[in-house]
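# Tertiary structure, described
These are the residues of each chain, in order.
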Amino acid sequence: MTVKYTLLTAITLAHASAIANPAPVTDINRNRTAISTTQQAQPAGSIEQRLTALERIVEARSEAQLRMAQQLQLLLDEVSELRGVTETHTYQLDEILQRQRDIYQEIDRRVSAIQTTPSANIPTIPVNTPAPATGTAVYSSDVSENEAYDKAVNMVLKDRRYDAAIPEFESFIKSYPDSGYAPNAHYWLGQLLFNNNELAKAKTHFERVVKNFPDSGKVADALLKLGQVAERENDKNTALRYYRQLLEKQPNATSAKLAQDRINALK
């Protein structure tokens, strides 16, 4: 009985052991499932990484294009600025040439006046009779008139006291409104006011040269200055009108070339 009982116990334990043995198989299946899930998740993560990399590439290219566009705009601005500086320098050079021409004309007028001054024994224009307003100012027989005009001009040509010359020319015009020097005085006064950027006052004196002294040699220069005043006032159409009027009235004048240059620039 004891042997049978022992044998039965051994068989029971063996059977129980056989039933418990499949447990490792279940663990292996679980591991395989985990590995399979990991392998399936890995490609998804790789795509996201690729998308992230592509996004970074696109952003880098966009930033590069933006920088290039900014640099291009900066270059265009610099070219525009240089073009404006060039035009300004050209305009200033024209003014310098005009001023030199005025000085040469005034010197020539004085030399001609000295050479043609009549002798005291020869009857001339009566004293206090204003000289006619012709293309070149006639040297007046009124000593005080000559002195007043010379004083104003010398403040510009010799002393370079431009601000002090303004009241001198104003005083001369008031004292001798019909003088042969009147167109020149109005022009000089307009030029001085123009240099001070007193455009309204300058325009008034240039207009008086054109309207009141149509035969004066200063008409062409006054028309040129009226065009320049209009340009400073940003009135392009008026500037073109004055320049074209100059070319129409005095196409052979020295200032006509400057007027044509300004017309070409404003078109």
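For the structure itself, look to the data block above.
These figures come from a predicted structure and were not determined experimentally.

## With respect to the packing of helix 6 (residues 199-212) against helix 7 (residues 219-232)
For the pair helix 6 and helix 7, the least separation of the axes is 9 Å and the interaxial angle reads 150°. When the axis of helix 6 is compared with that of helix 7, the two are roughly antiparallel. Classified by chirality, the crossing of helix 7 by helix 6 is left-handed. Residues Leu199, Lys203, Phe206, Glu207, Val209 and Val210 of helix 6 touch helix 7, and the partners they reach there are Val219, Ala222, Leu223, Lys225, Leu226, Val229 and Arg232. For the contact of helix 6 with helix 7, a count of residues per class yields nine nonpolar, no polar and four charged.

## Description of a nonpolar patch on the surface
A surface patch of nonpolar side chains, about 380 Å² in accessible area, is lined by Ile47, Leu51, Leu54 and Ile57. With respect to the element layout, isoleucine 57 can be found in helix 2 (residues 23-115). Take isoleucine 57: its relative accessible area is 43%, and that puts it in the partly exposed class.

## Regarding the pattern of salt bridges
What the rule picks out here adds up to four salt bridges. For glutamate 198, the salt bridge is made with lysine 201, and the minimal N-O distance between the two is 3.6 Å. Judged by relative accessible area, glutamate 198 falls into the partly exposed class, the value being 30%. A salt bridge links lysine 257 to aspartate 261; the shortest N-O distance between them is 3.3 Å. Separated by four residues within a single helix, lysine 257 and aspartate 261 lie in helix 9 (residues 254-266), roughly one turn from each other.

## Here's the deal with helix 5 (residues 182-195)
Under the 1.5 Å per step criterion, the end-to-end length of helix 5 is 20 Å for 14 residues, consistent within 8% with the ideal 20 Å. Of all 14 residues making up helix 5, 13 are buried, and the element is well covered by its neighbours. Residue asparagine 197 follows helix 5 closely and has a positive phi angle near 65°.

## Comments concerning unusual backbone geometry
Phi is positive for arginine 160, which is not a glycine, with a value near 55°. Mapped onto the elements of the fold, arginine 160 is located in the loop between helix 3 (143-157) and helix 4 (162-175). Phi angles above zero are rare outside glycine, and asparagine 234 is one such case at about 60°. By secondary structure assignment, the location of asparagine 234 is in the loop between helix 7 and helix 8 (236-249). Here asparagine 234 falls in the exposed class, since its relative accessible area comes to 71%.

## Quick word on the packing of aromatic side chains
This model, assessed by the stated rule, comprises seven aromatic pairs. Between tyrosine 149 and phenylalanine 172 the ring centres are 5.4 Å apart and the planes differ by 55°, which places this aromatic pair in the tilted class. With tyrosine 149 in helix 3 and phenylalanine 172 in helix 4, this residue pair connects regions lying 23 residues apart in the sequence. Neither residue differs from the other here; tyrosine 149 and phenylalanine 172 are each classed as buried.

What counts, and at which threshold
Residues numbered from 1 in each chain as written. Predicted model: local features only at pLDDT ≥ 70, side-chain atom pairs only at ≥ 80, totals over all residues. Heavy atoms only, no water. Axes fitted to C-alpha atoms, helices over the stretch in contact; angles between N-to-C directions. Helix = DSSP H or I, 4+ residues; strand = E, 2+ residues; numbered from the N terminus. Parallel < 35°, antiparallel > 145°, perpendicular 65-115°, else oblique. Left-handed = near helix turned anticlockwise from the far one by under 90°. Contact = heavy atoms within 4.5 Å. Nonpolar A, V, L, I, M, F, W, Y, C, P; charged D, E, K, R; others polar. Patch = residues over 30% accessible without salt bridge, like charges linked within 9 Å, V, L, I, M, F, W, Y side chains within 5 Å. Areas by Shrake-Rupley, 256 points an atom, 1.4 Å probe, with all protein chains shown as cover. Salt bridge = Lys/Arg side-chain N within 4 Å of Asp/Glu carboxyl O. Buried < 20%, exposed > 50% of the residue type's maximum accessible area, 1.4 Å probe, protein only. Expected span 1.5 Å × (residues − 1). Phe/Tyr/Trp six-rings, centres within 6.5 Å; stacked < 30°, edge-to-face > 60°.

Distances and angles like these do not, on their own, reveal function.
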